[in-house]
Amino acid sequence: MSNSNSEVGLSAKQKAHKAKMQKHKKKVDAHIAAAQKERGLALLLTGNGKGKTSSAFGMVIRALGYQQKVGIVQFIKGIQECGEANFIQKHCPTVDLYQMGTGFTWNTQDMEADCLAAEKTWVHAERLLSDEQYDLVVLDELTYMLGYKYLDKDKVITAIENRPVEQSVVVTGRGGGSKLRSIMDTISDVKDVRHAYRDGYKARKGIDY
Ligand code: ATP
Ligand code: MG
């Protein structure tokens, strides 16, 4: 009788591959069995490489695929058009999206106005972080608000830590500081290996914004 475990007819190379995969599966299964904790997660997508915001919006799509409730607060953003916000505003009426609407700090060059805008934007973030209806909260480019001291670090960290137990939060942006890192469950440091911009290519619709 033939079964899927049979090695009859397999070449030495195929047998070696099968043995290797069986060993690997044992390891994977053991890791899966060991991970039994369940609650909302805090994720930090950081680093100099491209892919932080777009990854966060990838998770937004995942969550929406399960009819989960999503809230997004975008610090800095809102001046320049971007495809993900266009899409959400047009096609995702259940998503709560708020944009700070100031643009980059090196363009505004006005610390007082940036601080006020950051505080006003933080009110929305705090509301989402204290509402257990939200399964996923994205705080896009939040780290810069901490880096420039536009927002109080402790206040932000406390709100993230005290969010509803089933709620996940994704923070994006370079830096953010060791205290923020210490409360995150998953941290991805996106490495900048190469960026077309440095070779003179213009930012591209649908790719960069
Ligand atoms: P994305 O929104 O594409 O996922 P990101 O969130 O990782 O990028 P940000 O620092 O928020 O990166 O930058 C937003 C914009 O700047 C995007 O248009 C992106 O392509 C561009 N960008 C990202 N990384 C770099 C880099 N290393 N050099 C130049 N431009 C970059
Ligand atoms: Mg970004």
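Residues numbered from 1 in each chain as written. Chains lettered and ligands numbered in written order. Predicted model: local features only at pLDDT ≥ 70, side-chain atom pairs only at ≥ 80, totals over all residues. Heavy atoms only, no water.

### Overview of the site of ligand 1
Close contacts around ligand 1 come from 14 residues, with Lys50, Lys52, Ser54, Arg174 and Asp208 the closest. Between ligand 1 and Asn48 there is a distance of 3.1 Å, counted from a nitrogen atom to a backbone nitrogen or oxygen. In the environment of ligand 1, an oxygen atom lies 2.4 Å from a nitrogen or oxygen atom belonging to the side chain of Asp208. When ligand 1 is considered free in solution it has 570 Å² of accessible area, and contact with the protein chains removes 82% of it. Looking at the shell around ligand 1 residue by residue, the class counts come to one nonpolar, six polar and seven charged. (Near = heavy atom within 4 Å. Polar contact = N/O pair within 3.5 Å; in protein donor to acceptor, adjacent residues only side chain to side chain. Areas by Shrake-Rupley, 256 points an atom, 1.4 Å probe, with all protein chains shown as cover. Nonpolar A, V, L, I, M, F, W, Y, C, P; charged D, E, K, R; others polar.)

### Here we look at the pattern of salt bridges
For the structure shown, the criterion picks out seven salt bridges. Of the charged contacts, one joins Asp192 and Arg198 as a salt bridge, the two residues approaching to 2.9 Å between their closest N and O atoms. Residue classification places Asp192 among the partly exposed residues on the basis of a relative accessible area of 27%. We classify Arg198 as exposed; its relative accessible area is 51%. (Salt bridge = Lys/Arg side-chain N within 4 Å of Asp/Glu carboxyl O. Buried < 20%, exposed > 50% of the residue type's maximum accessible area, 1.4 Å probe, protein only.)

### Considerations on the coordination of the magnesium ion (ligand 2)
Looking at the metal site, the magnesium ion (ligand 2) is ligated by Thr53 (OG1) and Glu141 (OE), spaced 2.0 to 2.1 Å from it. Of this pair, Thr53 sits in helix 2 (residues 52–64) while Glu141 sits in the loop between strand 4 (136–140) and helix 6 (142–147), placing them 88 residues apart in sequence. Accessibility assignment for this pair places Thr53 and Glu141 in one class, buried. (Donors = N, O, S within 2.8 Å, 3.2 Å for Na, K, Ca; no water. Helix = DSSP H or I, 4+ residues; strand = E, 2+ residues; numbered from the N terminus.)

### A word on the side chain of Asp140
Looking at the element boundaries, Asp140 is found in strand 4. For Asp140, the side chain forms a polar contact with the side chain of Thr53, separated by 2.7 Å. With residues up to four places along the chain from it excluded, the contact list for Asp140 reads Thr53, Phe57, Val73, Gln74, Phe75, Lys77 and Thr172. (Contact = heavy atoms within 4.5 Å.)

### Topic: helix 2
Between its first and last C-alpha, helix 2 extends 19 Å over 13 residues, near the 18 Å set by a 1.5 Å rise per residue. By the burial criterion, the buried members of helix 2 are Lys52, Thr53, Ala56, Phe57, Met59, Val60 and Ala63. For helix 2, the angular spread of the buried residues around the axis is 150°, confining them to a single face. Structural note: helix 2 exposes Ile61 and Arg62 on the side pointing more than 90 degrees away from its buried face. Those residues of helix 2 hidden inside the fold are in contact with strand 1 (42–46), strand 2 (70–74), helix 3 (83–91), strand 4 and strand 5 (168–172). (Expected span 1.5 Å × (residues − 1). Arc of directions from axis to C-beta.)

### Thoughts on the packing of helix 5 (residues 111–129) against helix 7 (residues 153–161)
The geometry of helix 5 relative to helix 7 is characterised by a closest axis approach of 9 Å and an angle of 20° between their N-to-C directions. Between helix 5 and helix 7, the angle is such that the two are roughly parallel. Seen from above, helix 5 lies across helix 7 with left-handed handedness. Taking contact as the criterion, the partners of Glu119, Trp122, Glu126 and Leu129 in helix 5 are, on helix 7, Lys155, Val156, Ala159 and Ile160. Class assignment for the residues of the contact of helix 5 with helix 7 results in five nonpolar, no polar and three charged. (Axes fitted to C-alpha atoms, helices over the stretch in contact; angles between N-to-C directions. Parallel < 35°, antiparallel > 145°, perpendicular 65-115°, else oblique. Left-handed = near helix turned anticlockwise from the far one by under 90°.)

Purely geometric stuff here, so don't read any function into it on its own.
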